[in-house]
Amino acid sequence: MLKYIIKRLTVGVVTLFLLATITFFLMHVIPGSPFAGETTKLPVKVLERLYEKYGLDKPLSEQYIMYMKNAVRGDFGVSIYRKGKSITKIISNGLPYTARLGLVSVCFALVTGIFLGTVAAFTKRKWLSNFVLILATAGVSMPGFLLSVLLLLLFGVVLQWLPFVGLESPLHYILPAVGMAFAPISMIARLVRSSLREVMKQDYMILARSKGTPEKLVIWRHGLKNAMLPVITYAGPMIATLLTGSFVIESLYSIPGIGAEFVTSITNRDYTMIMALTILYGSFIIIANIITDILNAVIDPRIKLGK
Amino acid sequence: MSLLDVKNLCVDFNTDQGTVHAVRDISFTVGESESVGIVGESGSGKSVSMYAVMGLLASNGAIRGGSISYGGEEITETAFANHKAYEARMSRLRGNEMSMIFQDPMTFLNPVLKIGSQITEVIRNHNKVSDAEARARAITLMGQVGIPSPERRLNQYPHEFSGGMRQRIIIAIALANHPRLVIADEPTTALDVTIQAQVLDVIKEMKEKLSSSVIMITHDLGVVASFCDRIIIMYGGKIVETGSAREIFYEPKHPYTAGLLKCVHNPEKKEKLTPIAGSPPDLLMPPAGCPFVDRCPDAMKICKLKMPEMEQYSKTHQSACWLSEAARRKGEQHG
Ligand SMILES: Nc1ncnc2c1ncn2[C@@H]1O[C@H](COP(=O)(O)OP(=O)(O)OP(=O)(O)O)[C@@H](O)[C@H]1O
Ligand code: SF4
Ligand SMILES: [Mg+2]
């Protein structure tokens, strides 16, 4: 197990390195520069000095080696767009907000999704099962921002039940977390429903009943573990995504997180910021995948780690 | 008094195509310590009728009529106040008084649970024993059904066992609490020929030791010949003939039984099985008359119109076919 984790982490680091390399060169190939928007106002002299200051006058290969050297030491440089503010500072200021909202959303998504999926799988009331299906379809097809705007208008502005600026109190989490979790909830509910129904049809459930095990225990002992496998496979990457935050939600609810940074850093050609966030998101996803695979193997003995 | 008494059992399934009438009005009994074989081709309703007895029908299936009694106690769901009461009673019986060995050892064990816990589950369901005691019993059982080094294998998962070994585990689960009735649903069909005989021997040996009654479902008349006191022949959701092994093999009355016997592989002649030509009736719209009419070499006009009654040939021998009636008429005319 430990050997496997070390192997996966090594592969992860290599992947991250490749990802960083590709991103580095790609973003320089794309036309435009961090100062493009201001060139009209900036005299050539000033521009040159700016380029020099951030090392952008050097050959690309040299810049690359310098960046990588620093990055390995944990120094991600300064934001070009934010006039020299440290990247590490910016991220460590914003990440806690994003991560906290992300965690709340993850828990909300898992609990609600599994609950709804289970209800839909077992209910004898057809309308209830259909209701969950409709909800699930809505969650997949309705754009997240539309729902968030609607929620904000209804509960924040019109009814004024819930606060919608910042993340000061637990109440502040409700609206953005619902917005973040809605699509994952519908996915999880659908997965759980179909997975449970599939499991209920399996032969090993019949054998379990034939032992005289009461139905509730048959489902709990024999069904749940099997039914959770597809859910875990989906939930791993979902958690990574939710933890990196959302541009729309954080802008709408004025949350000072890093969800918005990725989009803005790309439009601003804020090279150092793009690099740092790529590496951060990349590691989130890699770690989430490793955990997913380990969990799958823990639950399903047929999966052999490392094969 | 017989241990199991099934009267006029009917089982239907709801499907997208309509109602499947899988079992249509069958009656039979199984005596204490008796071995009864159920023979019939695929889809004739063998498994469904036994699942109905155990109360293990799929969720789209239901008993539409008839009664089942076990040891004199009526265990048809309709005899209980509600489903909960029925389930409560049945879960005391299942795995304890009556148990089942299933057709496909590859799919009936739970892939994510250790073998040990799958065996101890049935022990603990019906006995107040400690963890250690349950494990010890499971180890003994595994030894009895011929699984080598049970202490080690207890902690393994189903995929680490061969088909034959998995079927032994299922047998161990079925026999753990010394049930009085064991239903074996084609316990060897899914296994290699060499393993089949071994697994059959295990069942035989255990049966003798426990003196349980056994219902053995099979396609294989050879298996029945070596195993069963009495044989039930099913076709198209009905019992068409039943009799002692002697009567079925040497004096078959029903043309379907006769056809089946002709199919039996004859090693001297070296000919392959010659299955009866044609296909079984559509159970969505079962025929009003004899279900075998489309394939019967002796079919008459009346066969299509009316289902023949069960005719008693001896204390044990019954068959439902118009031929006997026709023969009697002829006899009357001559006499
Ligand atoms: N859950 C179900 N839904 C619909 N039809 C079913 C269901 N289970 C069984 N049937 C139908 O009931 C009929 C009898 O099936 P059954 O399994 O009893 O056959 P069998 O005699 O055991 O055959 P085999 O030898 O192949 O096991 C078949 O036509 C089958 O298609
Ligand atoms: S009743 Fe008629 S069709 Fe059916 S088996 Fe007898 S002779 Fe054949
Ligand atoms: Mg069957």
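Let me sum up the structure you'll find in this document. Since the model is a prediction, treat every value here as computed from it, not as a measurement.

As a further point, take the side chain of T244 of chain A. Tracing the backbone through its elements, the reader meets T244 of chain A in the loop between α9 (215-243) and α10 (247-252). Apart from the residues lying within four places of it in its own chain, the contact partners of T244 of chain A are T98, G259, Y281 and F284 of chain A.

This part is about the sheet that holds strand β1 (residues 4-15) of chain B. All names here are of chain B. Reading across the sheet, the four strands line up as β2-β1-β4-β5 and stay open at both edges, with antiparallel pairing between neighbours. A strand with exactly one partner marks an edge of an open sheet, and here the two such strands are β2 (18-30) and β5 (73-74). Across two bridges, the pairing between strand β4 (residues 61-70) and β5 is antiparallel. Counted as the bridge partner of Y70 is E73 from β5.

Residues and elements named next belong to chain B. Strand order across the open sheet formed by eight strands is β6-β7-β8-β3-β9-β10-β12-β11, with mixed pairing between neighbours. Of all strands in the sheet, those bounded by a partner on one side alone are β6 (98-101) and β11 (310-312). On average, each strand axis in the sheet is tilted by 20° relative to the strand beside it, whichever way the strands run. Here strand β10 (residues 238-244) pairs with strand β12 (residues 318-320) via two bridges, running antiparallel. Counted as the bridge partner of E241 is S319 from β12. Contacts from helix α1 (residues 46-54) reach β3 (35-39), β6, β7 (181-185), β8 (213-218) and β9 (230-235) within the one sheet, and its direction differs from that of β6 by about 150°. Against the sheet, helix α7 (residues 163-175) contacts β6 and β7, and its axis sits at roughly 175° relative to β6.

Here we take up the pattern of salt bridges. All chains considered together, the criterion is met by 17 salt bridges over all chains. One salt bridge connects R209 of chain A with E215 of chain A, and the closest N-O pair in it is separated by 2.7 Å. Take R209 of chain A: its relative accessible area is 15%, and that puts it in the buried class. Measuring nitrogen to oxygen at the nearest pair gives 2.2 Å for the salt bridge that ties D131 of chain B to R124 of chain B. What makes R124 of chain B partly exposed here is its relative accessible area of 38%. Among the ionic contacts, a cluster of salt bridges with common partners joins K211 and R221 of chain A together with E121 of chain B.

Our focus in this paragraph is the packing of aromatic side chains. Across all of its chains, the model carries ten aromatic pairs over all chains by this definition. The interplanar angle of 10° and the centroid separation of 4.4 Å between the aromatic rings of F102 of chain B and F108 of chain B together place this pair among those described as stacked. Through a chain of ring-to-ring contacts, the aromatic side chains of F24, F25, Y64 and Y67 of chain A assemble into a single cluster. A cation over a ring is seen here: R100 of chain A above Y97 of chain A, with NZ or CZ 5.5 Å from the ring centre. The ring of F161 of chain B carries R153 of chain B above its face, with NZ or CZ at 4.0 Å from the centroid.

Rules used throughout
- Residues numbered from 1 in each chain as written.
- Chains lettered and ligands numbered in written order.
- Predicted model: local features only at pLDDT ≥ 70, side-chain atom pairs only at ≥ 80, totals over all residues.
- Heavy atoms only, no water.
- Helix = DSSP H or I, 4+ residues; strand = E, 2+ residues; numbered from the N terminus.
- Contact = heavy atoms within 4.5 Å.
- Pairing = 2+ DSSP bridges.
- Axes fitted to C-alpha atoms, helices over the stretch in contact; angles between N-to-C directions.
- Salt bridge = Lys/Arg side-chain N within 4 Å of Asp/Glu carboxyl O.
- Buried < 20%, exposed > 50% of the residue type's maximum accessible area, 1.4 Å probe, protein only.
- Phe/Tyr/Trp six-rings, centres within 6.5 Å; stacked < 30°, edge-to-face > 60°.
- Lys NZ or Arg CZ within 6 Å of the ring centre and 35° of its normal.

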